[in-house]
Amino acid sequence: MDIKDFIAPFAVWKRAFEKPFTVKKPIDERPGAPRYRGFHMNDADACVGCGTCEAICMNNAIDLVPAAGREAKDGDSGLRPRIDYGRCCWCALCVDICPSGSLSMSNEYVWIDRDPDVFRYVPGVEAKPWDGSALGYRRAEGYRLLDEDRVPMPELGHAEAVASFLELVRGYSRAQAEKEADRCVSCGLCIASCPAHMDIPGYIKAVRDGDMDEGLRLLYETNPFPEACGRVCTHRCEEACSIGSGGDPVAIRWLKRYIADQVELSDYAKALPRGAAPSGKKVAIVGAGPGGLSAAYYLSMQGHAVTVFEAEEAAGGMLRYGIPEYRLPYPALDKDIGYIESLGVSISRGVSIGKDIELSKLRTDFDAVYLSTGLPVAYGLEVPGEDHPRVLDGVAVLARATRGEELGLGGRVAVIGGGNVAMDAARTALRHGATVDILYRRREEDMPADADEVREAKAEGARLVEKAIPLEVRDAPDAAGEAALFIWNEATMVQKEPGKRPVPEPIPGAVREGRYDSIIAAIGQGPDLSFIAESDGVPVKRFRPVVDSFGMATRAAGGAPVFAGGDLVNDRKDAISAIADGHRAAIGIDRLLYGKGA
Amino acid sequence: MRREKQRVIPPAERATPDLDSGKYLVMWQGPQHPGITGNMSLRLVAEGDTVVDCETHVGYLHRGFEKLMERRLYMQNFPLVCRIAVPEPDFNEYCYAAALEELAGIVIPEKAVWLRTLSLEMMRLASFLMWIGGQAGAFGHGTIAQWSVTMRDYVLDLFEELTGGRIYHMYIIPGGVRGDVPAGFYKRVLETMAVVEKNLDDIELVMFHNAVFKMRAEGLGYIPRDWVDHYGITGPNARAAGVARDLRKDSGYLAYPRLDFQPIVGTESDAYERARLRLGEMYQAIDLIRQIVDMAPKDGPFRERLPNPLYWRIPAGETYVSAECTRGEYGFYVVSDGSDKPRRVAVRGPSYTHAVSVMERLVRGVNIADVAGLMVSLHTYPPEIER
């Protein structure tokens, strides 16, 4: 202790006249730092209501609630997160994980209100003073909790692909599948958009867990065609996927295929549930496509004796005759069908209803009838010369390819149309060594075909001619009927009515022509209802049987009730919708047979 | 001339006071005691104004963190752990993240290593600034607290800018850190360090050259050197007793092996010596921050991509990760069973030893008025006693 110890403390006085450090609020404001984690903001239009924020929140501070003015639709639950500031700890993990990137935080420090209920609100829906603040916590550049990039699918190279009918898509390895499955957040938006409402998060979890038996069981709960759908499904689910709102959607289709590929057909019976005891009821199904066989599967699981009548020499419908081998190899399809047959479903191949057996006889011999005959009749080009011998029907070309017949397309092929049949026909022709032009009356972005199909067709060498309105097919000079001239008019897209898609209008004088060895028309198909007699009592409107919510067309006296579904009835015209229809009709038929419903 | 060291009463000499004799006064300090010693309480038995017996009572702040963590996903625990030690959350974040990374076999990017080190040293400085205010305040010197808490707020401003939070930074996330430094951040760090350093000079002058502080702190709470291993005393409390133990040197985690510093060691082992040593560590933290600003890589990733946090499973295993916090060895013992949640997390906070076992022994023979000052001189945070 010395004299300094008595004098030095008085040095504090030198600070007495300094400006204070404190902020005189509310005269002075001290805004939060640009990164400050203040109150939540949500871009309610970008938000898809997936609820991943709710899942990661460790305080249960987030609830997904119905938002005013928002309806649920494909890829949007219609719900929006509500934050409870009595629970929130401002950790911002919700912002970090948000798949769409819609959540953020303002840099607002203080919020005072006498009403305690206001501290629970739906950001982006209930207006707050800090909405739209440019400052506040955002996910840092290069920092995400979720992986926005899909695991690439191994595929054949285009040169290799076009040289053969080998399957283009090779399938995921276990490590790839598990990595891809890890991207899913189990939000379930996909379930709502899938026509069959498959338990997609459930089977993706099975992939993560490596439990293939559980995965297969979940697949078969709603879809007995996992091998086929795992390859060629139109995968609306992936368009709805919440991960897709801020990156690549989860490869749901490939994961389904992965599960089915992992289990041998001989092991299916161990993984899948056993059917109910025989009910003594008999059901006839017309058409062994995906819809008819799905109905057969679920009916046989209920114990009913099912007979499927198929006009072709093999079962599978459009999956077999409309989809080329390189997309859906026959062994994969045979596996799906093989399991359904192994349950005791009888398939009478080469039997055509209306020719070999009348529908009225089925109504007498069976307890219920399900019609799923699809759309076998191709539409014509409806231009002069459409009956030229070199004008071929796209579906027929694909069916002949399936049967292994010589196609005789020649070296130069035109495919008319923009749907998946057109792409399949074009790529089949490419694999037979032809040079292919695809002519479509609208633009590429208007094509109803899957974008992947269009992209791959082009990559394999098909030339796309957009805005080509067919005018006429003529005999090519000096070809003796072996080639034809396809004449089209170039078009321009005109927006006739606001909100509707633009219409192609021919440009006067811009008439083009091309000489082709074959012209494949693939502009759509229609049903063949000739087997339905008026006395069958099946109501038909605009070439479609009219059905109720279970797919029932009639239960009129004079025979068994008739159900219908698949492409014959629905608008979607894809395999998964037909499968959903088949499942629904199976439930309806089962209820009717047991007197439980309708 | 230095005041004589407080005599440590050996257990053998300790008699249980006869409370019915009318000679003693039983009184409670806390659990509403203002300051960082709050939230725990001491049951003191005094004879006159001298404490003859003491019992520590904890549990007023028990929030069940360790148990809560067993039912939350690994990533969901990241915002939870920082709350274990309120004034100094970053060491929890670091230990938890490092333990998970070790169990999951994740190597974090170089930049994250440096930014974590920066965050921990800034935290050390801020924590000591708060402590020194408490230490001075416990001896009646309120002015120091006004200065030092202001300086702490300047450091918290830096945290706010870097991490988005002032108290709970939630910056050190498993896999790295949550964001890069903002533009111009290092410049502002250096400016703030200059201001804090100047203020530390003022504090040094008025607090450590102060007759009152010396008379009350010198000799108070003497910790004999042989207690260090016996009680597991760590940090400045051990270093003031002459034991050069500092995990930053001894286990060399993060960027510390590449920084130039030596543990500060004392000899006298009383409250004054510990305060002086902590002041030295504040200057040392400023020096380390300057070194980090100079050496930290300016480019490169700041976080390693981890699996989806909703399903992140960590292979079965167990580990203990520790770091040198302001009070000593801070550690997380994490057991994983291969699932998506930890099987067990045990937190070692140095305050458990310092505030319970050591405190009970040191407080005997102390004047009642010095009990708070003694407690602060051990630098204890009750929240980390009760996890």
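Residues numbered from 1 in each chain as written. Chains lettered and ligands numbered in written order. Predicted model: local features only at pLDDT ≥ 70, side-chain atom pairs only at ≥ 80, totals over all residues. Heavy atoms only, no water.

## Overview of the overall build of chain B
To be explicit about the condition: Counting from the N terminus, the helices are the DSSP runs of H or I reaching at least four residues and the strands are the DSSP runs of E reaching at least two. Our radius of gyration looks at C-alpha atoms and nothing else; its globule reference is 2.2 Å times the residue count to the power 0.38. A simple rule labels every residue: compare its accessible area, found with a 1.4 Å probe on the protein chains alone, to the largest value its type can have, and call it buried under 20%, exposed over 50%, or partly exposed in between. We call two residues contacting when some pair of their heavy atoms lies within 4.5 Å.
The number of helices and strands found in chain B is 14 helices and 8 strands. For chain B, whose C-alpha radius of gyration is 21 Å, the value lies close to the compact-globule estimate of 21 Å for 387 residues. Scored against the burial criterion, the 387 residues of chain B give a buried share of 63%. Expressed as a percentage of contacts within chain B between residues at least 6 apart in sequence, the contacts between residues at least 24 apart total 73%.

## A closer look at the overall build of chain A
In plain terms, the rule: The method behind every accessible area is Shrake-Rupley, applied with a 1.4 Å probe, and residues are considered shielded solely by the protein chains displayed.
For chain A, the count of helices and strands is 20 helices and 23 strands. Here the C-alpha coordinates of chain A stretch approximately 120 × 70 × 45 Å along the principal axes. Here chain A holds 598 residues, and the buried ones make up 54% of them. For chain A, the exposed area adds up to about 26,400 Å²; of that, 51% sits on carbon and sulfur atoms.

## Side note on the packing of aromatic side chains
Stated formally: Two rings belonging to Phe, Tyr or Trp (six-membered ring only in the last case) form a pair when the distance between their centres is within 6.5 Å. Interplanar angles under 30 degrees mark stacking, angles over 60 mark edge-to-face geometry, and anything in between is tilted. Any Lys NZ or Arg CZ found within 6 Å of a ring centre and within 35 degrees of that ring's normal is scored as a charge over the ring.
Per the stated rule, a full pass over the model turns up 36 aromatic pairs over all chains. By the ring-pair criterion, three or more aromatic residues cluster together here, those being Phe39, Tyr85, Trp90, Trp111, Phe119, Tyr121 and Trp130 of chain A. Directly above the aromatic system of tyrosine 168 of chain B lies the positively charged group of arginine 83 of chain B, at a separation of 4.3 Å from the ring centroid. A cation over a ring is seen here: arginine 278 of chain B above tryptophan 131 of chain B, with NZ or CZ 4.8 Å from the ring centre.

## Focus on a nonpolar patch on the surface
Stated formally: For patches, a residue must show more than 30% relative accessible area and have no salt bridge; joins then use 9 Å for like charges and 5 Å for nonpolar side chains, namely Val, Leu, Ile, Met, Phe, Trp and Tyr. The rule for a salt bridge is simple: a side-chain nitrogen of Lys or Arg has to be within 4 Å of a carboxyl oxygen of Asp or Glu.
Taken together, the side chains of Met1, Ile3, Phe6 and Ile7 of chain A together with Met215 of chain B define a hydrophobic patch exposed on the protein surface, amounting to about 530 Å² of accessible area. Positionally, methionine 215 of chain B belongs in helix α7 (residues 211–217). Methionine 215 of chain B sits in the partly exposed class, given a relative accessible area of 47%.

## Quick look at the nonpolar core
In plain terms, the rule: In plain words, nonpolar cores are sets of buried Ala, Val, Leu, Ile, Met, Phe, Trp, Tyr and Cys residues tied together by side-chain atoms within 4.5 Å.
Ranked by size, the top nonpolar core spans 235 residues in total, and within it Phe225 of chain A together with Tyr94, Leu125 and Phe332 of chain B carry the most contacts. With 15 residues, helix α4 (residues 110–138) of chain B is the single largest residue contributor to this core.

## A short note on the interface of chain A and chain B
Note the cut-off: Accessible area that two parts lose when put together, evaluated with a 1.4 Å probe and summed over both, is termed the buried area.
Listed as interface residues are 47 residues of chain A and, on the opposing side, 50 residues of chain B. Of the roughly 4,000 Å² buried where chain A meets chain B, counting both sides, 53% is carbon and sulfur surface. Looking only at chain A, the three residues that lose the most surface to chain B are Met1, Arg35 and Met58 of chain A, adding up to 19% of its buried area. Our count for the chain A to chain B interface comes out at 9 salt bridges. Between glutamate 160 of chain B and arginine 30 of chain A there is a salt bridge, with its nearest N and O atoms 3.1 Å apart.

## So, helix α18 (residues 420–431) of chain A
Residue and element names in this part refer to chain A. How we decide: Working rule for helices: expected span equals 1.5 Å times residues minus one.
A rise of 1.5 Å per residue sets the reference length of α18, with its 12 residues, at 16 Å; its end C-alpha atoms lie 16 Å apart and thus fit the reference within 8%. With 10 of 12 residues buried, α18 is to be regarded as a mostly interior element. Turning to α18, its buried residues are Ala422, Met423, Asp424, Ala425, Ala426, Arg427, Thr428, Ala429, Leu430 and Arg431. Along its buried surface, α18 packs onto α4 (158–162), α17 (394–403), β12 (412–416), β13 (435–439), α19 (451–459) and β18 (518–521). Glycine 433, located one to two residues past α18, shows a positive phi value of around 85°.

## A short note on the pattern of salt bridges
Within this structure, the stated rule accounts for 81 salt bridges over all chains. Note that arginine 313 of chain B is salt-bridged to aspartate 209 of chain A, the shortest N-O span being 2.7 Å. Of the two residues, arginine 313 of chain B is situated in the loop between α11 (271–295) and β6 (317–325) and aspartate 209 of chain A in helix α7 (residues 200–209); the pairing between them involves two chains. Residue classification places arginine 313 of chain B among the partly exposed residues on the basis of a relative accessible area of 42%. In the salt-bridge network here, residues are joined through shared partners; they are Arg327, Asp424, Arg427, Arg431, Asp452, Glu453, Arg455, Glu456 and Glu460 of chain A.

## Looking at the sheet that holds strand β3 (residues 50–57) of chain B
Residues and elements named next belong to chain B. The criterion, for reference: Following DSSP output, two strands are said to pair if at least two bridges run between them. Lines fitted to C-alpha atoms define the axes, with helix axes restricted to the stretch in contact, and inter-axis angles between N-to-C directions lie between 0 and 180 degrees.
Spatial ordering of the open sheet is given by β1-β2-β3, a layout of 3 strands whose pairing is antiparallel. Since the sheet does not close on itself, it has two edges, and those belong to β1 (25–29) and β3, each with one partner. Averaged over all adjacent pairs, the angle separating strand axes in this sheet is 25°, with direction ignored. Two strands pair when backbone bridges link them, and strand β2 (residues 41–47) and β3 are joined in this way by 7 bridges, in the antiparallel orientation.

## Considerations on the sheet that holds strand β8 (residues 342–348) of chain B
Each strand in a sheet pairs with its neighbour through backbone hydrogen bonds, running either in the same direction (parallel) or in the opposite one (antiparallel). All names here are of chain B. Here 3 strands make up an open sheet; going across it, the order is β6-β7-β8 and the pairing antiparallel. The open sheet has two edge strands with one neighbour each: β6 and β8. Sheet twist, expressed as the average angle between the axes of neighbouring strands with direction ignored, equals 15°. Taken together, the 6 bridges between strand β7 (residues 328–336) and β8 define a ladder with antiparallel strand orientation. Of the residues in β8, the one forming a bridge with glycine 331 is arginine 348.

## As for unusual backbone geometry
Most peptide bonds adopt trans geometry, and most residues besides glycine take a negative phi value. All names here are of chain A. Along the chain, lysine 25 connects to proline 26 via a cis peptide bond; the corresponding omega equals 5°. Counting through the fold element by element, proline 26 comes out in the loop between α1 (4–7) and β1 (40–42). In this model, histidine 197 sits at a positive phi of 50°, which is unusual for a non-glycine residue. Relative accessible area serves as the criterion here: at 46%, histidine 197 is assigned to the partly exposed category. Even without a glycine there, the phi angle at arginine 542 is positive, about 50°. Residue classification places arginine 542 among the exposed residues on the basis of a relative accessible area of 75%.

## Considering the packing of α18 of chain A against α19 of chain A
All names here are of chain A. To keep it simple, the criterion reads: Oblique is the label for any angle not under 35 degrees, not over 145, and not in the 65 to 115 range, which are roughly parallel, roughly antiparallel and roughly perpendicular in turn. The handedness criterion is simple: a crossing whose near helix is rotated anticlockwise from the far helix by less than a right angle is left-handed, and one whose near helix is rotated clockwise is right-handed. Amino acids are sorted into nonpolar (Ala, Val, Leu, Ile, Met, Phe, Trp, Tyr, Cys and Pro), charged (Asp, Glu, Lys and Arg) and polar (every other residue, Gly among them).
Look at α18 against α19: their axes get within 10 Å of each other, and the N-to-C directions meet at 25°. Comparing their axes, α19 and α18 come out roughly parallel. The two elements α18 and α19 meet at a crossing, and its hand is left-handed. Counted together, Asn420, Met423, Asp424, Arg427 and Leu430 of α18 and Glu453, Val454, Glu456 and Ala457 of α19 form the full contact between these two elements. Partitioned by chemical class, the residues of the contact of α18 with α19 number 4 nonpolar, 1 polar and 4 charged.

## What about the confidence of the model for chain A?
Residues shown with low pLDDT carry predicted positions that ought not to be read at fine detail. Under the convention used in this document: The quantity known as pLDDT measures the predictor's confidence residue by residue, on a range of 0 to 100.
Counting all residues, the mean pLDDT for chain A is 91, and 99% of those residues have values of 70 or more. Looking at the elements of chain A, mean pLDDT is at its lowest for α4 of chain A, recorded as 83, and at its highest for α7 of chain A, recorded as 96.

## Points about the side chain of arginine 427 of chain A
Residues and elements named next belong to chain A. Let me state the cut-off plainly: For the purposes of these results, a polar contact is taken to be a pair of N or O atoms within 3.5 Å, where, inside protein, one atom must be able to donate a hydrogen and its partner to accept one; residues adjacent in sequence count only when each atom of the pair is a side-chain atom.
Locating arginine 427 in the fold gives a position in helix α18. Within polar-contact distance, the side chain of arginine 427 engages the side chain of glutamate 456 at 3.0 Å. With residues near it in sequence (within four places) discarded, arginine 427 still touches Leu168, Tyr326, Arg327, Glu453, Glu456, Ala457 and Glu460.

## Focus on α19 of chain A
Residue and element names in this part refer to chain A. Along α19, the residues classified as buried are Glu453, Val454, Glu456 and Ala457. On its buried face, α19 is in contact with α18 and β13. One or two residues past the end of α19 sits glycine 461, with phi positive at roughly 120°.

## Structural notes on the environment of isoleucine 523 of chain A
Residue and element names in this part refer to chain A. By secondary structure assignment, the location of isoleucine 523 is in the loop between β18 and β19 (525–526). On the basis of relative accessibility, which here comes to 40%, the residue isoleucine 523 falls in the partly exposed class. Remark: the alpha-carbon pair of isoleucine 523 and glycine 417, spanning 106 residues in sequence, is separated by 4.8 Å. With near-sequence residues (within four places) excluded, isoleucine 523 lies in contact with Tyr379, Gly380, Leu381, Ile416 and Gly417.

## Overview of the environment of proline 81 of chain A
All names here are of chain A. Tracing the backbone shows proline 81 in strand β3 (residues 79–84). Take proline 81: its relative accessible area is 2%, and that puts it in the buried class. The residues contacting proline 81, other than those within four sequence positions of it, are Asn42, Cys47, Cys53, Ile62, Asp63, Leu64, Tyr121, Val122 and Pro123.

## Brief notes about the pairing of β2 of chain B
Across a regular strand the side chains alternate sides, sitting on one face of the sheet and then on the other. Residues and elements named next belong to chain B. Along β2, 5 of the 7 residues are buried, which leaves the element largely enclosed by surrounding structure. Sheet topology places β1 next to β2; 5 bridges connect them, and they run antiparallel. Counterpart to tryptophan 28 in the pairing with β2 is arginine 43. Taken together, β2 and the strand that follows it, β3, pair antiparallel across an intervening segment of 2 residues, in which glycine 48 is found at a positive phi of about 65°.

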